[in-house]
Amino acid sequence: QGLQGMLDWRQHGLGPVTRLDWKQLALGGAVQAAGQLQSQSRDGQWRLLTPLGFSLWSGQLRFNALALSPQSGSLQVSAVASVEDLHLDQPVRAWGLPGLPVIWSQGGVAMHGSLRQWSFDSPLQAELWGGSLQADGIRLSRPDVAQPMQLASDLQFQQIDLQALGSYTDLGPLTGRVQGRVDGLRLQQGGGVQAFHLNVRSEGGGRLSQRAVMALSALSGSGASSGLQGMMLHVFRSPPYVRLGID
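Predicted model, so just to flag it, every value in this text is computed and none were measured.

## Side note on the overall build of the chain
Now for step 1: The helix and strand inventory of the chain stands at 4 helices and 19 strands.
Now for step 2: The proportion of buried residues among the 247 residues of the chain is 38%.
Now for step 3: By element, 54% of the accessible surface of the chain is carried by carbon and sulfur atoms, the whole surface being about 14,000 Å².

Written as structure tokens, this is what we have:
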């Protein structure tokens, strides 16, 4: 709304510094009140000269550097951004997953890509259930516009509080803290998880609910009523553990 000014792009040479003003700017779910940007074109590359910030997912997204290069019918983009208190439950739901209370604050997030593929050059670090979550090698791709977007990444998590996890899910009362990895995670937008390899460890001990024991048994490929799991369910309402491992 209230857009005023100009942008300039030229394939060769140095263009003038241009300014664009607006009363309100919205790009997807990102919104900015009255603001402006200054930019300049040099030899086919358009560059942002002043930082550009948006309100997004109850937090702030700020582009400190942004460059666009039209090449052979494709638009190549590179950027460095900082994020503050982004609540990722909404975008997580868009991928067909339950909303998770992930809060993302980080500076110096480097990324690059095109309209069909987007990659993050640095690990993303966020808070989850009293612990930390790190996503490495995030790659978004859509080979064809008619196909849903795909996401690939490897995750590491540390000191996840099982009590916070249990209160957020339907797994019942849990205690203790866990760490581990999710390797080869593959998601499809709107279609949920396509593949992953999970490794979870806990050395500090705690208690699990019967529902959690059944869920762990299902993940490990054994029936909830077999072996040790079955004995624990019969003897304990909330089975204790000293060490916990899933691979």
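After that view of the structure, there is still more to cover.
## Side note on the side chain of Ser39
Now for step 1: Secondary-structure assignment places Ser39 in strand β5 (residues 35–42).
Now for step 2: Taking relative accessible area as the criterion, Ser39 reaches 0% and is therefore assigned buried.
Now for step 3: Within the local environment of Ser39, its side chain forms a polar contact with the side chain of Trp46, the two groups lying 3.0 Å apart.
Now for step 4: Setting aside chain neighbours within four positions, we find Ser39 in contact with Leu7, Pro16, Val17, Thr18, Trp46, Arg47, Leu48 and Leu49.

## Notes on the nonpolar core
Now for step 1: Counting 49 residues, the largest nonpolar core has Trp104 and Phe157 as its most contacted members.
Now for step 2: A per-element tally of this core places strand β9 (residues 74–87) first, with 5 residues.

## Considerations on the environment of Glu127
Now for step 1: Of note, Glu127 is situated in strand β12 (residues 124–128).
Now for step 2: Note: C-alpha distance between Glu127 and Val102 (25 residues apart in sequence) is 5.7 Å.
Now for step 3: Discounting residues that sit within four places of it in the chain, Glu127 has contacts with Pro101, Val102 and Ile103.

## Side note on the pattern of salt bridges
A side chain with one charge can pair with a side chain of the opposite charge if their charged atoms come near.
Now for step 1: Here the structure, examined in full by the defined rule, presents 5 salt bridges.
Now for step 2: The closest approach of N and O atoms between Asp8 and Arg10, which form a salt bridge, is 3.1 Å.
Now for step 3: Put simply, Arg93 and Asp89 hold a salt bridge, and the shortest N to O gap is 3.7 Å. With Arg93 and Asp89 both in helix α1 (residues 89–94), this residue pair falls 4 residues apart, about one helical turn.
Now for step 4: What makes Arg93 partly exposed here is its relative accessible area of 49%.

## Regarding the side chain of Ser141
Now for step 1: Looking at the element boundaries, Ser141 is found in strand β13 (residues 131–141).
Now for step 2: Judged by relative accessible area, Ser141 falls into the buried class, the value being 18%.
Now for step 3: Setting aside residues no more than four positions away along its own chain, Ser141 makes contact with Arg116, Gln117, Pro148, Met149 and Gln150.

## Some words on the confidence of the model for the chain
Now for step 1: Per-residue pLDDT for the chain averages 82, and the proportion of residues at 70 or more is 83%.
Now for step 2: When the criterion is pLDDT under 50, residues 222–237 qualifies, and its contacts beyond four places in sequence or with other chains add up to 20 contacts.

## A few points about unusual backbone geometry
Now for step 1: The backbone of Trp57 shows a phi angle near 50°, a positive value even though the residue is not glycine.
Now for step 2: As for its position among the elements, Trp57 is in the loop between β7 (52–56) and β8 (59–71).
Now for step 3: Residue Gln159 is not a glycine yet carries a positive backbone phi of 55°.
Now for step 4: Tracing the backbone shows Gln159 in strand β14 (residues 150–161).

## Comments concerning the pairing of β9
Now for step 1: One ladder, built from 11 bridges, connects β8 with β9; its direction is antiparallel. Note that in β9 the partner of Ser69 across the bridge is Gln76.
Now for step 2: Of the pairings in the sheet, the one linking β9 to strand β10 (residues 103–113) comprises 8 bridges and is antiparallel in character. Looking at the pairing, Ala81 lines up with Val109 of β10.

Analysis parameters
Residues numbered from 1 in each chain as written. Predicted model: local features only at pLDDT ≥ 70, side-chain atom pairs only at ≥ 80, totals over all residues. Heavy atoms only, no water. Helix = DSSP H or I, 4+ residues; strand = E, 2+ residues; numbered from the N terminus. Buried < 20%, exposed > 50% of the residue type's maximum accessible area, 1.4 Å probe, protein only. Areas by Shrake-Rupley, 256 points an atom, 1.4 Å probe, with all protein chains shown as cover. Polar contact = N/O pair within 3.5 Å; in protein donor to acceptor, adjacent residues only side chain to side chain. Contact = heavy atoms within 4.5 Å. Core = buried A, V, L, I, M, F, W, Y, C linked by side-chain atoms within 4.5 Å. Salt bridge = Lys/Arg side-chain N within 4 Å of Asp/Glu carboxyl O. pLDDT = per-residue confidence, 0-100. Pairing = 2+ DSSP bridges.

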